[in-house]
Amino acid sequence: MREIVTIQAGNYANFVGSHFWNFQDELLGLADSTESDQIFKSHGLNMDVLYRPGETQQGILTYTPRLVSMGLRGSLGSMSSHGTLYKEIQEAQVGSLTWTGPVTTQTSQPLQKNLFLQSLDWEENSNVDRLGAYENEQNEAHAEIQDKDIVESLENDIQYWTDFSKVHYHPQSLYELCGLWTDSKDFNNYGIGREAFSGGLHAEQVNDRLRFFLEECDHPQKGYQTFATLTFKGIQFIVDDSGGFSGVAGEVLEIIADDYPNIPVLLYSVRSPDSCLDPSHRKLTIARRLHNAVSFAKQSALCKLIVPIGLPSLSTSKMSKYLYLEDRKPYHTSAVYASALHSISLPFRMEPHGPSAQYVSTSGAVTMNDLIQILAGQGCQNMVAVLDASMPAPALTGTGFQQPLLETLQPLTPETAEDVEDMQALESMIIHGAFASGSERASVCEVTEAVQAAYTNAVRRPKFSHLSVAQCPLPIPLPYPSIFGKFVGERGELLNTQVSDSSSSRGSLEVHSVPMAARLRSSIAILPFLDNRLQNLRKLGIARGALGSEILGSWGFGRDDVEDIGETLSDMVTKLNPRSEASSDSD
Amino acid sequence: MSLKVLNPNAEVLNKSHALHMNINAAKGLQDVLKSNLGPKGTIKMLVGGAGDIKLTKDGNTLLKEMQIQSPTAIMIARTAVAQDETSGDGTTSTVIFIGELMKQSERYIDEGMHPRVLVDGFEIAKRATLQFLEKFKTPVVMGDEPDKEILKMVARTALRTKLYESLADQLTDIVVNAVLCIRKPEEPIDLFMVEIMHMRHKFDVDTRLVEGLVLDHGSRHPDMKRRAENCYILTCNVSLEYEKSEVNAGFFYSSAEQREAMVAAERRSVDERVQKIIDLKNKVCADNDSNFAVFNQKGIDPPSLDLLARAGIIALRRAKRRNMERLVLACGGEAVNSVDDLTPDCLGWAGLVNEHVLGEEKYTFVENVKNPHSCTILIKGPNDHTIAQIKDAVRDGLRAVKNTIEDEAIVLGAGAFEVAARQYLVNEVKKTVKGRAQLGVEAFADALLVVPKILAENSGLDTQDVIIELTGEHDKGNVVGLNLHTGEPIDPQLAGIFDNYSVKRQLINSGPVIASQLLLVDEVIRAGRNMRKPS
């Protein structure tokens with residue numbers, strides 16, 4: 001077993017995480033259900049990698065994500081920060097036991113749970129006292145009426161990430177940052193996040209929670225005995241780096257580097273489309289650009305592999321061919337990113353097969369450490385990876401109008417160069433649930449062969465490519481947004497003709513699963529991203545009389561610190577493009 | 001008005017508006033917190049939108065729970081929280097004192113007085129009050145054996161404002177003993193050496209002091225002992241898990257054999273490290289009735305746990321960094337970073353190592369140690385909000401004891417100091433001041449009375465009567481405080497009510513500084529947001 005602990009920091013990161021855990025929950029549910037497809041029942045994935053078994057004080061067994069999520073106070077909406085499973089012993093009097101004097105109670109308006117959360121509660125209660133077939137029937141009738149309304153209500157008002165979460169969290173998982181006294185709008189730069197986190201006991205409390213999940217992680221004995229797989233635990237860290245949580249994450253990464261130096265960290269820095277827009281105010285624009293540079297440099301220094309994610313507009317990307325996305329809805333965009341992250345995380349969880357296994361559902365298992373070695377450990381040691389995804393992935397042998405799979409991959413990393421020739425490129429790809437042609441699932445071998453063939457014929461080939469394949473497609477849980485277009489079939493196959501449907505987009509009721517392809521690559525395509533950050537820092541932060549040096553000062557960075565940050569960035573650029581040094585020094 | 005020209009959208013509040021905005025914000029914050037003050041104050045129960053409960057009587061906690069928007073209020077709150085960080089108490093008093101200074105100033109300003117004059121008066125009064133505090137304080141000689149009774153009185157005064165009496169009295173002994181346990185002569189007291197651990201279990205009165213250490217995890221092997229007496233303790237920071245070293249981190253091996261050989265070599269070196277620990281155990285535990293426990297800051301993987309379990313050793317992994325220090329202080333020995341030169345001298349000793357399981361949570365008690373310099377306060381309570389509240393109170397109590405030892409002085413409580421200082425300012429200092437700054441001194445002096453006033457108000461007493469009676473006694477030369485039960489004057493010395501000297505000093509220092517700054521504001525400019533809009 002190769003346990004992975006997930007950390008989520010910031011609101012958008014939690015949106016992505018919420019979708020991510022919904023997929024996992026759906027997979028768990030489908031594996032148990034008698035009605036589901038064979039590919040879900042033997043998906044060949046080890047869920048213990050991401051989940052932990054536990055037990056409440058009342059002796060009820062639990063299975064919850066190994067997760068530490070951080071958000072601003074109030075960002076949990078109607079969910080209690082203690083989660084839902086570990087209920088406290090019901091005290092007879094809620095009043096204060098510790099004070100005999102007067103008590104004043106201030107009760108906030110209880111937040112109304114939306115239809116979806118209500119239906120979850122309802123299901124939970126009815127599970128406990130299900131009496132007979134009659135009631136079962138009623139349940140179904142009840143569920144049928146509601147599902148459509150649920151999807152509609154989710155589509156129209158999602159305010160908190162908990163509004164569409166169907167997962168039970170451990171009480172140690174959800175951490176709220178309180179006592180900030182700033183508007184969430186003003187919590188928007190590296191400096192303020194760092195300051196907020198270092199004051200008080202935040203660092204200690206988050207570290208305690210992290211320790212709770214890491215202490216129980218074992219190293220497998222099996223790996224040691226058979227030498228079959230080298231096994232490592234890892235941390236996957238999703239951070240919303242457009243605001244103050246970037247600074248918070250920087251501090252948490254430092255804790256990890258100090259206390260757990262041997263655990264690899266895979267960092268996804270996600271941001272929502274609206275945070276990519278330049279603010280109207282000039283001073284804010286400068287601050288934003290500096291924040292981007294500082295935040296990226298600080299975080300990349302403390303992790304093993306960093307994947308920037310978040311396009312300024314998803315609705316105008318290649319994806320829009322099959323997906324109807326609204327950029328202003330974080331509910332929509334985070335779903336796409338979460339789908340890609342889910343795909344990337346599959347190889348970490350694949351069970352190794354014995355040679356006798358008849359039904360092969362996965363191939364190409366890697367550990368997080370191996371993945372990091374593949375992408376950042378060889379060649380030019382570039383630790384910034386580009387994430388590409390294709391959703392839904394087309395069939396292997398497309399009919400006529402469908403593009404071949406490799407061409408449908410859309411970069412989800414911003415500011416990348418297109419069509420660059422890179423002989424040194426390294427990549428790791430995962431394809432799961434793909435169709436051979438039409439609506440027939442391809443076997444693992446077929447996919448492997450098809451990809452190999454595609455690469456042999458391709459004009460540009462990476463230097464090294466690792467491929468993982470799984471049979472199990474991306475399951476679409478009920479609270480998934482309605483983003484599929486009319487050419488997407490029930491199992492995510494691409495149709496030649498439009499589905500005649502009244503609504504403009506199709507959601508979880510019409511589409512039940514989707515084939516996916518996702519890829520991480522280390523290539524010079526990332527150069528523009530790095531260059532922009534370096535140039536902005538030089539122009540606004542380092543140059544004599546730079547406009548932003550005061551801002552950096554207020555974030556707690558002295559001149560030397562800023563120069564160090566510049567050094568980090570320019571090192572990264574030089575690694576990929578040795579010639580760049582001469583040109584940038586001249587200005 | 002050049003600023004306005006620069007940014008036409010910026011909103012400008014003129015002088016009187018700005019001043020009143022500041023005064024109102026300060027008064028507003030005072031109103032929220034004042035019912036908290038003192039042993040007769042109100043506890044606040046906050047119920048969040050998702051039904052989460054928080055109970056608090058601590059100004060510091062309450063401020064952090066509040067969504068404060070007004071920039072003035074944020075400034076006051078920051079000062080109050082800083083007060084808590086530096087001296088450990090007095091958050092509520094700070095907010096109330098600043099609020100009262102503003103309130104008193106408002107009267108004079110409405111009559112047309114310039115804030116500058118008031119601020120000058122504040123400055124004079126502040127210096128005089130600080131000098132008075134030096135004279136007024138009660139020096140305490142600490143020496144090698146501090147007077148436990150005095151420490152208890154200070155701790156009790158602090159705790160009784162946070163918890164009901166019998167629990168406060170129980171915790172008083174606990175915090176005093178805890179601080180005395182970690183105190184080393186000639187060294188500053190490091191309160192981090194008192195571990196505060198909680199268990200959601202049983203009742204608040206089961207809270208106790210453990211001389212030794214409680215860790216919030218247990219061994220991870222089914223065959224390890226759950227209870228061991230006469231235990232040698234090895235504290236170490238050595239990786240006992242197989243991991244790929246950074247040097248030969250290449251992903252590709254030229255052959256499968258090469259890869260296996262490397263893995264095997266790595267494994268062997270881990271096993272060797274484990275063997276060294278086992279050798280040491282066999283050496284010291286030869287007589288058979290003692291045990292051996294390893295506390296490691298780094299990881300221990302299952303094969304290593306297996307080896308250790310077979311050798312009869314209890315092993316805990318991934319201990320908190322700070323616990324490494326605490327363990328050594330509690331049990332003796334030293335923390336080792338390598339197993340290369342292990343000697344019996346490195347080992348500590350504990351009479352009992354015991355594991356306790358509550359649901360999925362495990363606790364390991366390391367107890368019955370000789371001559372401990374670190375200890376654990378184990379808080380028990382039926383639910384999280386009770387635990388959180390006791391935890392806050394314990395922290396305050398510990399700080400109060402620490403302050404007393406370090407200040408080597410205490411101050412009479414129950415409002416006695418405030419009344420005495422006020423009389424001193426009005427009767428003596430005011431006369432020496434020339435001109436209108438006198439009024440500033442008077443405003444300051446009256447503001448000091450806010451503490452006894454609110455204490456009286458919270459106890460349901462008549463504030464006017466109380467103040468008249470108290471000042472009367474003081475003018476007769478008796479130093480008295482307020483008996484909250486009867487409203488009569490009492491001698492705080494006899495009643496055992498003492499406050500921290502450093503808390504009072506900090507309060508008198510920072511309050512007027514912030515109040516002066518707020519009074520001298522004559523324009524508030526803020527771009528981009530409408531301030532007058534009710535939020």
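Keep in mind it's a predicted model, so treat the numbers as computed, not measured.

Procedures and definitions
- Residues numbered from 1 in each chain as written.
- Chains lettered and ligands numbered in written order.
- Predicted model: local features only at pLDDT ≥ 70, side-chain atom pairs only at ≥ 80, totals over all residues.
- Heavy atoms only, no water.
- Pairing = 2+ DSSP bridges.
- Helix = DSSP H or I, 4+ residues; strand = E, 2+ residues; numbered from the N terminus.
- Axes fitted to C-alpha atoms, helices over the stretch in contact; angles between N-to-C directions.
- Contact = heavy atoms within 4.5 Å.
- Disulfide = S-S within 2.5 Å.
- Buried < 20%, exposed > 50% of the residue type's maximum accessible area, 1.4 Å probe, protein only.
- Buried area = accessible area lost by both parts, 1.4 Å probe.
- Salt bridge = Lys/Arg side-chain N within 4 Å of Asp/Glu carboxyl O.
- Polar contact = N/O pair within 3.5 Å; in protein donor to acceptor, adjacent residues only side chain to side chain.
- pLDDT = per-residue confidence, 0-100.
- Core = buried A, V, L, I, M, F, W, Y, C linked by side-chain atoms within 4.5 Å.
- Parallel < 35°, antiparallel > 145°, perpendicular 65-115°, else oblique.
- Left-handed = near helix turned anticlockwise from the far one by under 90°.
- Nonpolar A, V, L, I, M, F, W, Y, C, P; charged D, E, K, R; others polar.

**Regarding the sheet that holds strand 5 (residues 194-200) of chain B**
Strand pairs in the sheet, formed through backbone hydrogen bonds, run parallel or antiparallel to each other. Residues and elements named next belong to chain B. Spatial strand order, 5-14-6: three strands in an open sheet with mixed pairing. Among the strands making up the open sheet, the edge pair consists of strand 5 and strand 6 (208-210). Averaged over all pairs of adjacent strands, the angle between strand axes in this sheet comes to 25°, irrespective of strand direction. Examined bridge by bridge, strand 5 and strand 14 (residues 375-381) share seven bridges and lie parallel to one another. When the bridges of strand 14 are listed, methionine 197 appears paired with leucine 378. Seen against the sheet, helix 8 (residues 165-182) touches strand 5, strand 6 and strand 14 and runs at an angle of roughly 155° to strand 14.

**Side note on the state of the cysteines**
Following the criterion strictly, the structure yields zero disulfides over all chains and no others. The closest cysteine sulfur to the non-disulfide-bonded A:Cys445 is located on A:Cys472, 18 Å from its own sulfur.

**A look at unusual backbone geometry**
Following A:Met391, the chain continues to A:Pro392 via a peptide bond in cis, the omega torsion being -10°. Assignment of secondary structure puts A:Pro392 in the loop between strand 11 (386-390) and helix 12 (405-408). Its identity is not glycine, yet A:Glu415 carries a phi of approximately 55°, on the positive side. Here A:Glu415 lies in the loop between strand 12 (410-411) and strand 13 (426-432). The partly exposed category is assigned to A:Glu415, whose relative accessible area is 33%. A positive phi is found at B:Arg318, a non-glycine position, where the angle reads about 50°.

**Quick notes on the interface of chain A and chain B**
Accessible area lost upon the coming together of the parts is a frequently used measure of interface size. Taken residue by residue, the interface counts 73 residues in chain A and 80 residues in chain B. For the pair chain A and chain B, the summed buried surface comes to about 6,300 Å²; carbon and sulfur atoms form 52% of the total. Here A:Glu215 and B:Arg220 are joined by a salt bridge, their closest N and O atoms 2.8 Å apart. Between the two partners, chain A and chain B, sit 13 residue pairs in polar contact (both at pLDDT 80 or more). At the level of elements, strand 2 (51-55), strand 5 (103-107), helix 6 (202-215), helix 7 (221-226), helix 8 (245-259) and helix 11 (368-376) of chain A are the ones that each hand at least two residues to the side of chain A that touches chain B. Where strand 5 of chain A and strand 2 (residues 43-47) of chain B come together, five bridges link them in parallel fashion. Looking at the pairing, A:Thr105 lines up with B:Met45 of strand 2 of chain B.

**Some remarks on the environment of B:Pro382**
Looking at where B:Pro382 falls in the secondary structure, it is placed in the loop between strand 14 and helix 12 (384-407). A C-alpha to C-alpha distance of 33 Å links B:Pro382 and B:Thr94, two positions 288 residues apart in sequence.

**What about the pattern of salt bridges?**
All names here are of chain B. Under the defined criterion, the tally for this structure stands at 45 salt bridges over all chains. The partner of aspartate 169 in a salt bridge is arginine 160, and the shortest N-O contact between them spans 3.1 Å. Relative accessible area serves as the criterion here: at 27%, aspartate 169 is assigned to the partly exposed category. The closest approach of N and O atoms between lysine 476 and glutamate 473, which form a salt bridge, is 3.4 Å.

**Structural notes on the confidence of the model for chain B**
Residue and element names in this part refer to chain B. The pLDDT averaged across chain B works out to 81; a share of 92% of its residues lies at or above 70. Across residues 528-535 the pLDDT falls below 50, and counting only partners more than four positions away or on other chains, this stretch makes 14 contacts in the model. If you check the scores for this complex, the pTM reads 0.86 and the ipTM reads 0.82.

**Regarding the nonpolar core**
By size, the foremost hydrophobic cluster in this structure holds 144 residues, and its most contacted members are A:Met70, A:Phe237 and A:Phe484. The leading source of residues in this core is helix 10 (residues 330-349) of chain A, at ten residues. With sequence-adjacent residues up to four places away left out, A:Met70 is seen in contact with A:Ile7, A:Gln8, A:Ala9, A:Gly10, A:Asn14, A:Tyr175, A:Phe197, A:Val206, A:Phe245, A:Val248 and A:Val252. Core analysis: the second largest hydrophobic core is formed by 100 residues, B:Val117, B:Ala125, B:Val411 and B:Ala445 among them.

**What about the pairing of strand 3 (residues 53-56) of chain B?**
Bridge analysis of strand 2 of chain B against strand 3 of chain B gives four bridges, and the strand direction is antiparallel. Its bridge partner lying in strand 3 of chain B, B:Met45 is registered against B:Leu55.

**Points about the sheet that holds strand 16 (residues 464-470) of chain A**
Residue and element names in this part refer to chain A. If you walk across this open sheet you meet the six strands as 10-16-13-19-11-12, and the pairing is mixed. Here the strands that pair on one side only, and so sit at the sheet edges, are strand 10 (362-363) and strand 12. With seven bridges joining them, strand 13 and strand 19 (residues 516-522) adopt antiparallel strand pairing. Among the inter-strand pairings, serine 428 is bridged to a residue of strand 19, identified as leucine 520. Sitting on the sheet, helix 13 (residues 444-457) touches strand 10, strand 13, strand 16 and strand 19, and the angle it makes with strand 16 is about 155°.

**Notes on the packing of helix 6 (residues 115-136) of chain B against helix 13 (residues 416-432) of chain B**
Describing two packed helices takes the angle between their axes plus the distance from one axis to the other. All names here are of chain B. Direction vectors running N to C along helix 6 and helix 13 enclose 125°, while the axes themselves pass 10 Å from each other. Classed by the angle they form, the pair helix 6 and helix 13 counts as oblique. Relative to helix 13, helix 6 is oriented so that their crossing is right-handed. For the pair helix 6 and helix 13, the contacting residues are Ile124, Ala125, Ala128, Thr129, Phe132, Leu133, Lys135 and Phe136 in the first and Ala416, Phe417, Ala420, Ala421, Tyr424, Leu425 and Val429 in the second. Its residues assigned to classes, the contact of helix 6 with helix 13 shows 13 nonpolar, one polar and one charged.

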